[in-house]
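An overview of the molecular structure
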Amino acid sequence: MDTITSIEKIDTIKESVVTIGNFDGIHKGHQVLIEKATEYAKKNNVISTVFTFNNHPVNYFKPNSIKNIITNNDKIKILKTMGVDYIINIPFDEYMTKISGYDFVKDILIDKLGAKKIIVGHDFTFARNKEGNIDLLKELSKKNGFLLEIVNPVKIDDIRISSSYIRKLILDGKVEDARKYLGRNYKLSGEVIHSKKLGRTIGFPTANISIDENIIIPKVGIYATKVYVNGTIYYGATNVGYNPTVNGNKLSIETNILEFNDDIYGKIITIEFLERIRDEKKFNGIEELKEQLQKDTKYIYKVYLQNNKIYDTINK
């Protein structure tokens with residue numbers, strides 16, 4: 001599988017099926033488009049190509065206005081597991097704001113990517129001022145002889161799956177609902193960094209991770225989580241919040257990893273959010289905080305670990 005990071009680096013492909021979109025999250029709706037492309041490619045002996053952006057187009061016009069659901073690295077990893085042959089993962093930049101709809105299709109999709117078929121969502125727009133749309137694609141497909149497939153909205157429980165809806169679920173702390181539309185647990189990765197180390201002094205050591213400012217953070221609260229450390233899966237209680245009991249004023253993401261006490265400062269760990277247990281609150285002192293933390297971990301043991309192994313080795 002090839003990953004291309006600029007228009008200039010695209011090697012001309014003889015024949016391909018192309019699906020296009022920002023694909024933030026690669027949720028179940030996106031997966032339908034991508035699976036249609038890979039299936040068509042296999043049946044017709046052509047290259048499956050995903051054309052996407054490494055930054056959200058809206059953020060080009062309004063910087064930092066939209067947080068991503070997944071990182072670029074995770075997007076590429078997921079696409080690899082889906083069997084995509086060719087990924088165009090480029091910046092949405094000035095060039096993309098100026099190219100006409102016609103030139104985008106002719107110069108990029110046809111001349112460079114050899115598009116024999118294009119698969120897009122029902123509301124897909126592209127090129128300058130969003131002048132490229134379904135109607136233009138239909139017109140150009142007739143003129144240029146490529147097939148066009150328009151995919152209708154994918155729904156779960158009568159709700160259209162979209163990245164914006166999933167972002168709202170995460171912001172509301174509804175990580176279980178987000179999982180339903182994403183098709184996997186929402187996760188965050190970060191380097192374990194030094195903090196106040198208060199948890200260690202009260203019997204609840206935590207791994208505090210660095211926060212990627214480009215990635216959406218769940219609602220403040222306490223979560224049951226699955227934690228990936230050095231190739232092994234553990235469970236944990238993760239606090240997203242400000243530690244009000246000890247007068248904290250900076251957002252942190254820290255996890256008490258159950259049945260674990262290794263030194264992992266400087267390591268990258270991944271946290272998958274399973275469910276939101278409760279709100280963060282200010283307790284009347286450390287003892288009351290300890291009592292609540294014991295209840296939190298007891299709940300996670302009971303729901304996620306009872307009659308199961310404490311941890312599982314990741315299948316590689």
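Scroll up a little and you will see the structure.
Fair warning: this is a prediction, and the values are worked out from it, not measured in the lab.

Considering the packing of aromatic side chains
- Enumeration over the complete set of coordinates arrives at 13 aromatic pairs.
- Aromatic side chains Phe 51 and Phe 53 sit 5.7 Å apart centroid to centroid with 85 degrees between the ring planes, which places their arrangement in the edge-to-face category. Pair check on accessibility: Phe 51 and Phe 53 agree, each one buried.
- Their ring planes at 40 degrees and their centres at 5.2 Å tell us that Phe 104 and Phe 126 sit as a pair that is tilted. With Phe 104 in helix 5 (residues 101-110) and Phe 126 in the loop between strand 5 (115-121) and helix 6 (134-144), this pair connects stretches of sequence that are 22 residues apart. Phe 126 shares its class with Phe 104; the two are buried.
- An aromatic cluster is present here, built from Phe 51, Phe 53, Tyr 60, Phe 61, Phe 92, Phe 104, Phe 124 and Phe 126 joined pairwise through their rings.

Topic: unusual backbone geometry
- Look at Phe 23: it is not a glycine, yet its phi comes out positive at around 55 degrees.
- Relative to the elements of secondary structure, Phe 23 occurs in the loop between strand 2 (16-20) and helix 1 (28-44).
- By relative accessible area, which is 3% here, Phe 23 ends up buried.
- Of note, Lys 130 is a non-glycine position whose phi angle comes to about 55 degrees, a positive value.
- On the secondary structure map, Lys 130 appears in the loop between strand 5 and helix 6.

Here we look at the sheet that holds strand 6 (residues 147-151)
- An order of 1-4-3-2-5-6 is seen for the 6 strands of this open sheet, with the pairing classed as parallel. Every interior strand has two partners, whereas the edge strands, strand 1 (2-4) and strand 6, have only one. Looking at each pair of strands side by side, their axes are set apart by 20 degrees on average, direction ignored.
- Bridging between strand 5 and strand 6 involves 5 bridges; their strand directions are parallel.

So, how was this worked out
Residues numbered from 1 in each chain as written. Predicted model: local features only at pLDDT ≥ 70, side-chain atom pairs only at ≥ 80, totals over all residues. Heavy atoms only, no water. Phe/Tyr/Trp six-rings, centres within 6.5 Å; stacked < 30°, edge-to-face > 60°. Buried < 20%, exposed > 50% of the residue type's maximum accessible area, 1.4 Å probe, protein only. Helix = DSSP H or I, 4+ residues; strand = E, 2+ residues; numbered from the N terminus. Pairing = 2+ DSSP bridges. Axes fitted to C-alpha atoms, helices over the stretch in contact; angles between N-to-C directions.

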